[in-house]
Amino acid sequence: MKLRRQQTIARAIEVSGFGLFGGQDCTLRFQPAPENFGIAFQRSDVSGARPIPAQIDFVAKVPRRTALTDGHSSVETIEHVMAALAGLEIDNCLVELNAIEPPIGDGSSMHFVSALLIAGRVEQNALASYFEPAQLGRIDADNGQSIVAGPAEDYSLGYELDYGPASPVRPQSFHIEMTPAVFLREIAGARTFVLASEIEGLRKMGYGQRATTENLLVFDGQGVQGNTLRWSNECARHKLLDAMGDFALCGGRVRGRFHATKSGHHLNHDVARRLHSHKTETSRVRRAA
Ligand SMILES: [Zn+2]
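Now for a quick tour of the structure.

Cut-off values and rules
- Residues numbered from 1 in each chain as written.
- Predicted model: local features only at pLDDT ≥ 70, side-chain atom pairs only at ≥ 80, totals over all residues.
- Heavy atoms only, no water.
- Donors = N, O, S within 2.8 Å, 3.2 Å for Na, K, Ca; no water.
- Tetrahedral: all angles 85-135°; square planar, octahedral: opposite > 155°, others 65-115°.
- Helix = DSSP H or I, 4+ residues; strand = E, 2+ residues; numbered from the N terminus.
- Buried < 20%, exposed > 50% of the residue type's maximum accessible area, 1.4 Å probe, protein only.
- Pairing = 2+ DSSP bridges.
- Contact = heavy atoms within 4.5 Å.
- Axes fitted to C-alpha atoms, helices over the stretch in contact; angles between N-to-C directions.
- Phe/Tyr/Trp six-rings, centres within 6.5 Å; stacked < 30°, edge-to-face > 60°.
- Salt bridge = Lys/Arg side-chain N within 4 Å of Asp/Glu carboxyl O.

## Regarding the coordination of the zinc ion
- On the protein side, the zinc ion has H80 (NE2), H238 (NE2), D242 (OD) and D242 (OD) as donor atoms, found 2.1 to 2.7 Å from it.
- Around the zinc ion, the four donor atoms are arranged such that angles at the metal cover 53 to 150°; this shape is classified as irregular.
- Sequence positions of the donors to the zinc ion reduce to the motif H-x157-H-x3-D. Residue H238 and its partner D242 are both found in helix α5 (residues 234-247); the two are separated by four residues, about one turn of the helix.

Have a look at this one:
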């Protein structure tokens, strides 16, 4: 097994825009962080807000996105930031933001990835910690969602999307052996999507008031509205991006084989929880030995 060192970024860098759900203006600042700090999010607009560790124990239950709270402050829709950091194997970073949601950009992770690459990655002394499934197993959730996971030396991830014959999003799948180069080329640019039929309901709840077909792929019976797909299976790639960001909430780098079918944030969080608890078990066993 290859030993890899932890990484942070060489200097702070900012990304500005507005949030997808709430539409607030936001400037997000990636800051370098010391070894073993992990990833944490901190609100600069909430007085007394402390860094919230990007770990499964701090996940708040909100629909359609991943949110963290420590009871005092919260951040929402962090999954594309998490995917960017995990994809580039950045272990330690303080993500400061002056609103509840990061900028949505074009709906993908690319605006974060570009900023992180400009900042540059630096290796630290401590070794990176890896989390992997203890054994081959399958987790099922409602609506036919499932994730099959098993241990492996590397990180491979597959996603199968099938919303049925009536959906404007055609059944599609994608599978990758994850490395930073593959993430950058095949995943980072895959954008968020929504069905045209869902938009009215979301807007009534006050969501997505500033979203347009430029930062959201909108599918109706004709296909994608006012935009062009980057890949024919861009939706499956985006769901894979979301899963990757969510799995990283285990609190370190992920390794293993994962095959997700129609999985959403909730089921992805279950996987992160299991990865997190397995890590705890293995370190306990090692200490006892
Ligand atoms: Zn997403």
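## Some points on unusual backbone geometry
- Within the chain, N36 stands out as a residue other than glycine whose phi angle is a positive 65°.
- Structurally, the position occupied by N36 is in the loop between β3 (25-32) and β4 (39-43).
- In this structure, T77 takes a positive phi of about 60° despite not being glycine.
- Within the secondary structure, T77 sits in the loop between β8 (74-76) and α1 (79-87).
- A relative accessible area of 8% means that T77 is categorised as buried.

## As for the sheet that holds strand β18 (residues 223-224)
- Taken in spatial order, the three strands line up as β16-β17-β18 in an open sheet, and their pairing is mixed. Single-partner strands in this sheet number two, and they are β16 (193-195) and β18.
- In terms of strand pairing, strand β17 (residues 217-220) meets β18 through two bridges, oriented antiparallel. Across the sheet, the residue bridging to D220 is G223, located in β18.
- Packed on one face of the sheet, helix α4 (residues 196-204) meets β16 and β17 and runs near 90° to β16.

## Remarks on the packing of aromatic side chains
- Inspection of every chain in the model, using the stated rule, returns five aromatic pairs.
- Ring centres of Y155 and F258 lie 5.8 Å apart, and the angle between their planes is 75°; on these two criteria the pair is classed as edge-to-face. Taken as a pair, Y155 in strand β14 (residues 155-161) and F258 in strand β20 (residues 256-261) lie far apart in primary sequence, 103 residues in all.
- By relative accessible area, Y155 is classed as buried at 11%.
- Between F247 and F258, the aromatic rings sit 5.0 Å apart at their centres with planes inclined by 40°, giving tilted as the arrangement. In this pair, F247 sits in helix α5 while F258 sits in strand β20, placing the two residues 11 residues apart along the sequence. Comparing F247 with F258, the two get one shared label, buried.
- One aromatic cluster is present, formed by Y155, F247 and F258 through successive ring pairs.

## Focus: the pattern of salt bridges
- The tally for this structure, following the rule as stated, stands at 16 salt bridges.
- A salt bridge links D91 to R253; its shortest N-O distance comes to 2.8 Å. Note that D91 is positioned in the loop between α1 and β9 (93-97) and R253 in strand β19 (residues 253-254), a separation of 162 residues in sequence. Of the two residues examined, D91 and R253, each falls in the buried class.

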